[in-house]
Amino acid sequence: MAEKNLPPWSHTFFSDYGTCPSRAYHKYVAKDVPKEETDALKEGRRVHDALDARVTNGVQLPDIYQKYEFLAAPLAAYRPIGELKLGILWSGKPCGFFDKEVWGRGVIDVPIINAARTSAILFDWKTGKRKEDPTELRLQALLLHAQHPTLQHITGHYIWLRDLAIGESHNLSDVDATWEEVRYQWNVIFNHAKAGHWPEREGPLCSYCPVKKCRFWRPSPEGK
Ligand code: SF4
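Residues numbered from 1 in each chain as written. Predicted model: local features only at pLDDT ≥ 70, side-chain atom pairs only at ≥ 80, totals over all residues. Heavy atoms only, no water.

### Structural notes on the sheet that holds strand β1 (residues 84–88)
The cut-off we apply is this: DSSP bridges decide pairing: two strands pair if at least two such bridges lie between them. Strands here mean DSSP runs of E at least two residues long; helices mean DSSP runs of H or I at least four residues long; both are numbered from the N terminus. Note on contacts: a residue pair qualifies if any of its non-hydrogen atoms lie within 4.5 Å across the two residues. Working convention: axes come from line fits to C-alpha atoms, limited for helices to the stretch in contact. Angles between N-to-C directions cover 0 to 180 degrees.
Spatial strand order, β2-β1-β3: three strands in an open sheet with antiparallel pairing. Every other strand in the sheet has two partners, leaving β2 (94–95) and β3 (104–108) as the edge strands with one partner each. In this structure, β1 lies alongside β2, joined through two bridges in antiparallel fashion. By the bridge assignment for β2, I88 is matched with P94. Running over the sheet, helix α5 (residues 135–147) touches β1, β2 and β3 and is turned about 80° from β1.

### Points about the pairing of β1
Of the pairings in the sheet, the one linking β1 to β3 comprises five bridges and is antiparallel in character. Paired with K85 across the bridge in β3 is V107.

### Points about helix α1 (residues 11–19)
Inclusion rule: Relative accessibility decides the category of a residue: with a 1.4 Å probe and only protein chains considered, values under 20% of the type maximum give buried, values over 50% give exposed, and everything between is partly exposed. Note: the arc covers the axis-to-C-beta directions of the helix.
Where α1 is concerned, the buried positions are F13, F14, D16 and Y17. For α1, the angular spread of buried residues about the axis comes to 165°, placing them on one side.

### Quick word on helix α6 (residues 175–194)
Structural remark: α-helix, 3.6 residues per turn; residues separated by three or four positions point the same way. Applied cut-off: Given the number of residues in a helix, its expected span is that number minus one, multiplied by 1.5 Å.
Over its 20 residues, α6 extends 28 Å from the first C-alpha to the last, a length consistent with the 28 Å expected when each residue adds 1.5 Å. Considered for burial, the residues of α6 that qualify are V175, T178, W179, V182, W186, I189, F190 and A193. Seen end-on, α6 carries its buried residues on one side only, within an arc spanning 105°. Structural note: α6 exposes D176, E180 and Y184 on the side pointing more than 90 degrees away from its buried face.

By themselves, these observations are geometric and do not establish any function.
Below is the structure:
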């Protein structure tokens, strides 16, 4: 049940929708707000690129990121294909990230899969504050399982770069439960979208929202 005006789901779309449906509408459906660009986002991209080059291609980390070498080197030893872009169809079959019919999509920073394709462990670099919410990892596991249905055991960790620490181990193996939750969430959004129901939800993130014409928008403490 794709809705032609809705974007493919992703962790960021669901997360934005959960924060404020109106914000999600302007960012992903109307697309009438500028792409968010902050120093933190730019730095996050630079760190991800450097770590991906290190883990996937063995490229030495720049001096400023050498402090992450002890986290990256053990993962690089498995020779993973980092920044793996995956897509899924409404049917649950896998597809390309950019395919026309893609229903949901995501990127896995570091997927490590055993040779028999029965077990996988996922790592996700995080530059923000520590928060062990497995939702993003669970969506990644769902996408990976669609590509490799023989996977029986999937675990995942965030890597907290500020703390120089590997986070908790999350069991992501119950992809059927994740699938049901995604379908449910999608149906809620789908039905609201059909009714044009994208309510504003005022909250602390209004200061960091790109929808400046919203009545709840206010400048951030940093003045942007
Ligand atoms: S300013 Fe607040 S209420 Fe308005 S769209 Fe943004 S997040 Fe939603």
